[in-house]
Amino acid sequence: MVNIIKGGNTTVPVQPVRIAVCHRQQPGAPAVNAYLLLLDARGRVRGDADLVFRNQPQHPSGAAHHLGPSEGGGQRADWLEVDLRRLEPSVERVVIAGSADGGTFGAVPGLYVQLTADDAAVAEYRVEDASTETAFVLGELYRRGERWKFRAVGQGYDSGPAGMAADFGIAAAFPDGPPRNAGAGERTPIAPAVSAAPSAPDPRWPKPITVSKVRGAVVPGTAAVPASSAAAPASAPGAVVLPPVADAYLEHSGRGNDILTVEAPLPAGPVIIEVAVDGEGDFILYTVNKADREDELLFSTREPVLRGRRLVIASGKRPLRLKVMSGRAWTVRVLPVTAAQPLTDRIETRGAEVLRYDGPPADLRIRYDGGGGGKGKGHFALYTARPEPAHRFDHELHVSESGRVKTTIPLNEGPLLVLVETNGGWSAELGGRKEQPGPAPAAVPAPAHVQAPAPAPQPVRAPATDVLLERSGRGYNVLTVEAPFRCGPLIVEARAGDDGYFVMYTLDRVNEDEELLFNTTQPGFHGRALAVTPADRPLRLKIETDDEWTVRVLPVGAALPLAGPVRGAGPEVMHYTGPIADLNVRYLGEDGSGARGATGWFALWKASPDLADFDDRDLLVNETKAAEATVPLTEGPLLILVEAEGPWTAEVRGLPQYP
């Protein structure tokens with residue numbers, strides 16, 4: 001079984017998978033009711049039948065069921081089942097969610113979700129950061145070509161199950177009653193931009209609704225009128241003027257506090273909020289929820305000149321309302337996403353921006369000057385989203401750093417929205433991807449003999465001629481192994497700083513996260529993992545951290561020899577070239593004490609040196625506490641892979657000899 005932390009993923013077998021949403025039984029603690037939501041490529045249900053829960057326990061296709069609760073051993077579980085073989089082709093994701101009955105998830109003790117197949121546990125995710133949420137997205141099953149994977153999500157809703165369901169397009173009644181304060185407490189992390197003329201229409205982007213301006217707002221049902229010929233919006237002396245846009249849903253200028261309402265019936269989905277502000281003093285802009293309370297903070301600044309854009313999600317059920325608090329002259333516009341600035345080649349600008357990208361998978365090189373009024377202490381964040389995001393989970397965070405930024409992030413194939421949140425100058429430049437394979441490198445022979453390592457060896461550093469890539473940096477980045485390549489395994493070695501957060505994925509051909517190599521909060525992390533080079537393209541690695549890092553990519557011949565006793569303190573790749581033998585391993589727990597009951601995660605795998613698919617590894621040991629085990633080894637050559645949180649030892653022992 002694979003233990004996953006928030007954001008991690010793992011492959012699951014394409015067969016019936018049972019899902020237990022579990023927690024400890026404790027007097028007064030809320031019970032958890034589990035749900036399945038079957039989503040299409042837009043991240044929405046196709047109808048209310050795509051919700052499976054206790055009042056609607058079977059999907060019409062027969063592929064998903066709610067099996068009901070069970071209790072025992074001080075635990076309570078609510079059981080679900082998904083037959084991945086029977087899911088319709090239009091189902092791209094299956095969300096696993098729950099609601100807390102009569103309380104919040106922060107009061108649910110020991111919450112976790114476990115997936116089993118053929119009565120064997122295949123994945124487990126424990127929730128450790130729940131608080132005031134009354135509905136929770138625990139995880140999701142999602143397609144990757146012909147495979148299925150499970151991702152730990154761990155995101156909650158204060159607005160209850162009905163608020164969560166509305167984000168996925170569900171209108172069905174829930175057993176838990178109506179939502180409380182629906183829409184409150186949910187924040188969509190999004191980004192702003194500078195004004196630009198819309199590019200040529202693209203059928204993949206939402207078509208703007210047709211409006212004309214009336215008294216600074218808009219009404220539906222008439223042909224679009226260029227801003228220059230429409231009635232001028234209400235304005236105050238000295239108000240800021242923006243370049244005209246033909247299809248603005250609202251344009252209003254003023255000075256001081258105000259409430260703006262887009263009367264046009266906007267469809268559910270994203271719209272751009274554009275602002276221009278000059279002068280001294282504060283400028284603050286919120287969205288307003290249906291209870292007329294401040295909802296999402298879009299802008300809060302004292303900068304003397306502001307030009308920026310942010311993305312908000314219109315509910316489609318009520319008018320979009322904005323609250324301005326400022327003594328300065330300002331202009332606010334609401335625009336369709338087709339008005340976003342096209343991202344082509346290179347852009348150099350300042351402040352928040354919304355860009356649109358329509359090209360193939362590519363790399364985006366980012367440079368940020370540090371902002372902060374020239375002090376280099378500003379913040380830079382970059383997200384991507386599809387043109388029709390339905391809720392905050394549809395925004396993927398790529399960069400979130402303070403101070404100067406120099407990084408590269410992968411872009412999936414368009415159409416995409418690229419959302420930037422910052423207060424300084426920055427540039428973005430597109431770079432292509434090399435897809436033509438070069439000649440295969442010569443195979444690296446295994447050593448003819450091995451020597452017993454020192455009592456506490458460090459991973460062996462490969463000769464410089466064997467290093468396929470070596471890079472150091474800070475913060476988020478994407479690395480590409482440009483050396484000649486062939487399908488097969490490579491060693492990825494990583495060192496991280498002391499901030500204690502380092503994540504690395506391999507990327508597939510469309511720049512989506514594929515295999516999770518490292519996910520750690522250990523300060524000063526150092527470890528090795530195995531990655532499989534695709535047959536038709538270079539190996540690409542995505543790094544997520546705010547700290548410094550060094551990454552090397554090595555041939556499998558640089559693996560640590562396994563002969564005699566070996567010690568380690570984290571993930572490692574070893575090679576074994578001996579005869580049939582036993583391997584004794586001892587895991588000392590995350591704290592290294594080796595005490596009975598010491599917790600932590602330890603997994604041991606074996607694989608062929610010509611491994612072509614990550615799923616072809618064989619799991620030998622999987623423990624969540626200090627443990628000792630002996631496992632059989634077949635004749636070498638073998639790769640032995642360790643995934644560990646804390647110190648461990650391994651020793652090869654020969655088989656008994658009989659006459």
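Use the structure listed above.
Not measured: the values here are computed from a predicted model.

**Looking at the pairing of strand 7 (residues 75-83)**
Across the nine residues of strand 7, seven count as buried, placing the element largely inside the fold. With nine bridges joining them, strand 3 (residues 16-24) and strand 7 adopt antiparallel strand pairing. Counterpart to alanine 20 in the pairing with strand 7 is tryptophan 79.

**Structural notes on the sheet that holds strand 29 (residues 405-411)**
The strand order across the open sheet formed by four strands is 24-31-26-29, and the pairing between neighbours is antiparallel. The open sheet is flanked by strand 24 (346-350) and strand 29, the only strands paired with a single partner. Averaged over neighbouring strand pairs, the angle between their axes works out to 20° when direction is ignored. The sheet contact formed by strand 24 and strand 31 (residues 425-431) spans five bridges and is antiparallel. Within strand 31, the position partnered with threonine 349 by the bridge is tryptophan 426.

**Examining the sheet that holds strand 2 (residues 9-12)**
Pairing is antiparallel across the open sheet formed by six strands, whose spatial order is 2-12-11-8-4-5. Each edge of the open sheet carries a strand with a single partner, namely strand 2 and strand 5 (51-52). Relative to strand 12 (residues 147-157), strand 2 runs antiparallel, the two being bridged by four bridges. In the sheet register, valine 12 faces strand 12, and the bridge partner there is tryptophan 148. Its contacts with the sheet put helix 1 (residues 160-167) on strand 4 (31-39), strand 8 (93-101), strand 11 (135-144) and strand 12, and the angle it makes with strand 11 is roughly 30°.

**Overview of empty space enclosed by the protein**
Scanning the model with the defined rule gives one cavity of 30 Å³ or more in all. Reported here for the largest cavity is a volume of approximately 30 Å³. Together, Val585, Tyr587, Phe602, Val621, Glu623, Ala627, Glu628 and Ala629 line the largest cavity. Counting residues per element, the ones that place at least two in the lining of the largest cavity are strand 43 (581-587), strand 45 (618-625) and strand 46 (627-633).

**Looking at the side chain of lysine 606**
You can see lysine 606 is positioned in strand 44 (residues 599-607). Of the side chains bearing the opposite charge, aspartate 618 lies closest to the buried lysine 606, which forms no salt bridge; the N-O distance is 4.7 Å. For lysine 606, the contacting residues outside a window of four places in its chain are Arg617, Asp618, Leu620, Thr634, Leu639 and Ile640.

Rules behind the numbers
- Residues numbered from 1 in each chain as written.
- Predicted model: local features only at pLDDT ≥ 70, side-chain atom pairs only at ≥ 80, totals over all residues.
- Heavy atoms only, no water.
- Buried < 20%, exposed > 50% of the residue type's maximum accessible area, 1.4 Å probe, protein only.
- Helix = DSSP H or I, 4+ residues; strand = E, 2+ residues; numbered from the N terminus.
- Pairing = 2+ DSSP bridges.
- Axes fitted to C-alpha atoms, helices over the stretch in contact; angles between N-to-C directions.
- Contact = heavy atoms within 4.5 Å.
- 1 Å grid on protein atoms, 1.4 Å probe; cavity = no way out; pocket = protein on both sides within 12 Å on 5 of 7 lines; lining within 4 Å.
- Points joined across faces, edges and corners; volume = space filled by probe spheres on them.
- Lys, Arg positive; Asp, Glu negative; His and termini not counted.
- Salt bridge = Lys/Arg side-chain N within 4 Å of Asp/Glu carboxyl O.

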